[in-house]
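Observations on chain architecture
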Amino acid sequence: MKKMVVLLLGVVLALGLTGCGQDKKADNNASSGAESNASAAVKTNEGVAAPAADELLTKLTDAMKDLKSLSMTATSKQHLVVKVGEDTQEQNIDMEIKSDIIQDPLSMKQELHMAMGDLGNQDVTQYITADGIYMLTGGSWVKLTDETMIATLKDAAKDTADATQQIEQFKTIAGEMKVTEEGGDYVLKANLSGDNMKELAKSLLSQNGGENQAETMAVLDQMNIDNINIVYSINKETYLPSKMSVEMNMDMEAEGQQVSMEMKMDSAFSKFNEIDAIEVPQEALDNAIVQ
């Protein structure tokens with residue numbers, strides 16, 4: 001079961017953290033009624049017409065052009081049920097992620113806490129800067145020198161820092177998005193099809209690589225994604241992202257195991273252009289074990 005949990009976790013991260021849109025196949029699946037949602041005006045609480053989904057995404061793209069740095073926090077909860085014959089095992093996985101990101105030159109500090117019940121907890125702090133990639137895990141600092149691993153982590157960090165790809169993904173499903181208003185935010189909501197999300201996740205995993213890529217892709221191929229609900233909030237004044245919520249249910253059968261999973265992930269964005277520098281702690285520079 002532990003191996004299955006690890007592979008599913010890789011799929012969850014691909015679906016939930018590297019972008020939550022669909023590929024262009026969504027255009028073929030959107031009905032004419034859904035397409036009208038993007039152009040239809042929605043009345044706000046003040047009685048003024050809110051921007052349509054496609055207009056909001058264009059404004060979001062323009063606002064992101066001047067973005068140099070930001071902070072992101074994310075929490076996720078997954079409930080796994082694995083059945084083998086008459087035996088049933090359940091596993092809860094909770095994650096908390098905090099990231100500070102500078103776009104150019106790319107720098108990132110990320111703190112990850114993962115709680116997996118009987119499988120234990122894991123805490124990782126990671127820095128990606130011009131000084132190199134340093135990780136704190138198990139109370140010890142490590143400096144990564146493996147070129148393949150460094151390239152993989154830098155690509156993942158770049159994807160996290162650059163929201164352009166995510167916005168373009170949203171644009172392909174603008175016709176399926178409904179615009180509402182909550183406080184100081186415009187809110188885009190969509191219910192996405194599993195097949196298109198599967199294709200997107202495979203594409204992202206193919207780009208990011210990783211030692212478990214082949215196995216994770218095989219797991220993803222066998223998944224039946226029942227539904228994915230996305231809520232994406234955009235600040236009315238700045239047109240920068242405020243928060244995002246993703247809920248997903250899926251199931252699969254592999255190697256004689258029946259697996260179902262429920263996942264909820266919430267992200268929030270802040271400190272736009274407020275982070276001037278990210279520096280590796282002197283303790284890490286002095287004591288890191290080179291790997």
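Residues numbered from 1 in each chain as written. Predicted model: local features only at pLDDT ≥ 70, side-chain atom pairs only at ≥ 80, totals over all residues. Heavy atoms only, no water.

1. Quick notes on the pairing of strand S9 (residues 178-182)
Every other side chain in a regular strand lies on the same face of the sheet, so the side chains alternate between the two faces. The side-chain alternation of S9 yields one buried face, formed by Val 179 and Glu 181, and one unburied face, formed by Lys 178, Thr 180 and Glu 182. Here S9 folds back onto strand S10 (residues 185-192), and the loop between the two strands holds two residues, one of which, Gly 183, carries a positive phi near 60 degrees. (Buried < 20%, exposed > 50% of the residue type's maximum accessible area, 1.4 Å probe, protein only. Helix = DSSP H or I, 4+ residues; strand = E, 2+ residues; numbered from the N terminus. Pairing = 2+ DSSP bridges.)

2. Considerations on unusual backbone geometry
At the junction of Asp 104 and Pro 105, the peptide bond is cis and its omega measures out at -5 degrees in the coordinates. Residue placement: Pro 105 occurs in the loop between strand S4 (87-102) and strand S5 (107-115).

3. Structural notes on the environment of Val 84
Structurally, Val 84 is set in strand S3 (residues 69-84). In the structure, Val 84 is positioned 174 residues away from Gln 258 in sequence and 6.6 Å away in space, judged by C-alpha atoms. Dropping the residues within four chain positions of it, Val 84 is found in contact with Gly 256 and Gln 257. (Contact = heavy atoms within 4.5 Å.)

4. Observations regarding the sheet that holds S10
One open sheet holds the 12 strands; their spatial order is S9-S10-S11-S12-S13-S3-S4-S5-S6-S7-S8-S14, and the pairing between them is mixed. Each edge of the sheet is formed by a strand with only one pairing partner; in this case those strands are S9 and strand S14 (289-290). Across nine bridges, S4 lies against S5 in antiparallel orientation. Within S5, the position partnered with Lys 98 by the bridge is Glu 111.

5. With respect to the confidence of the model for the protein
Averaged over the protein, the pLDDT score is 77; the fraction of residues at 70 or greater is 68%. Of all secondary-structure elements in the protein, the lowest mean pLDDT belongs to helix H2 (residues 26-29), at 39, while helix H9 (residues 282-287) reaches the highest, 94. Ignoring residues within four places in sequence, the model shows residues 206-211, a span with pLDDT below 50, making seven contacts including any to other chains. (pLDDT = per-residue confidence, 0-100.)

6. Quick word on the nonpolar core
Counting 53 residues, the largest nonpolar core has Met 177 and Leu 188 as its most contacted members. With eight residues, the next largest nonpolar core counts Tyr 127, Ile 275, Ile 278 and Ala 284 among its residues. (Core = buried A, V, L, I, M, F, W, Y, C linked by side-chain atoms within 4.5 Å.)

7. A short note on the pattern of salt bridges
All chains considered together, the criterion is met by six salt bridges. For the salt bridge of Lys 236 with Glu 181, the shortest nitrogen-to-oxygen distance reads 2.0 Å. Remark: Glu 181 occurs in strand S9 and Lys 236 occurs in the loop between strand S11 (224-235) and strand S12 (241-254); sequence separation between them is 55 residues. Classification of Lys 236 by relative accessible area gives buried; the value is 19%. (Salt bridge = Lys/Arg side-chain N within 4 Å of Asp/Glu carboxyl O.)

8. Describing the side chain of Ser 69
Structurally, Ser 69 can be placed in strand S3. Judged by relative accessible area, which is 1%, Ser 69 ranks as buried. Side-chain polar atoms of Ser 69 contact the backbone nitrogen of Ile 275, separated by 3.2 Å. Other than its neighbours up to four places away in sequence, Ser 69 contacts Ile 101, Ile 102, Gln 103, Lys 271, Phe 272, Asn 273, Glu 274 and Ile 275. (Polar contact = N/O pair within 3.5 Å; in protein donor to acceptor, adjacent residues only side chain to side chain.)

9. A short note on the packing of aromatic side chains
Here the structure, examined in full by the defined rule, presents two aromatic pairs. Each ring, one from Tyr 127 and one from Trp 141, has its centre 6.1 Å from the other, and the planes form 45 degrees; the classification is tilted. Of this pair, Tyr 127 sits in strand S6 (residues 121-129) while Trp 141 sits in strand S8 (residues 140-144), and the two are 14 residues apart along the sequence. Since its relative accessible area comes to 8%, Trp 141 is described here as buried. On the numbers, 6.4 Å between centres and 20 degrees between planes, the contact of Tyr 186 with Tyr 239 is stacked. Taken together, the positions of Tyr 186 in strand S10 and Tyr 239 in the loop between S11 and S12 put the pair 53 residues apart, joining distant regions of the chain. For Tyr 186, a relative accessible area of 10% corresponds to the buried category. The side chain of Lys 59 reaches across the aromatic face of Tyr 239, ending 5.1 Å from its centre. Over the ring of Tyr 186 we find Lys 236; its NZ or CZ atom is 5.8 Å from the centre of that ring. (Phe/Tyr/Trp six-rings, centres within 6.5 Å; stacked < 30°, edge-to-face > 60°. Lys NZ or Arg CZ within 6 Å of the ring centre and 35° of its normal.)

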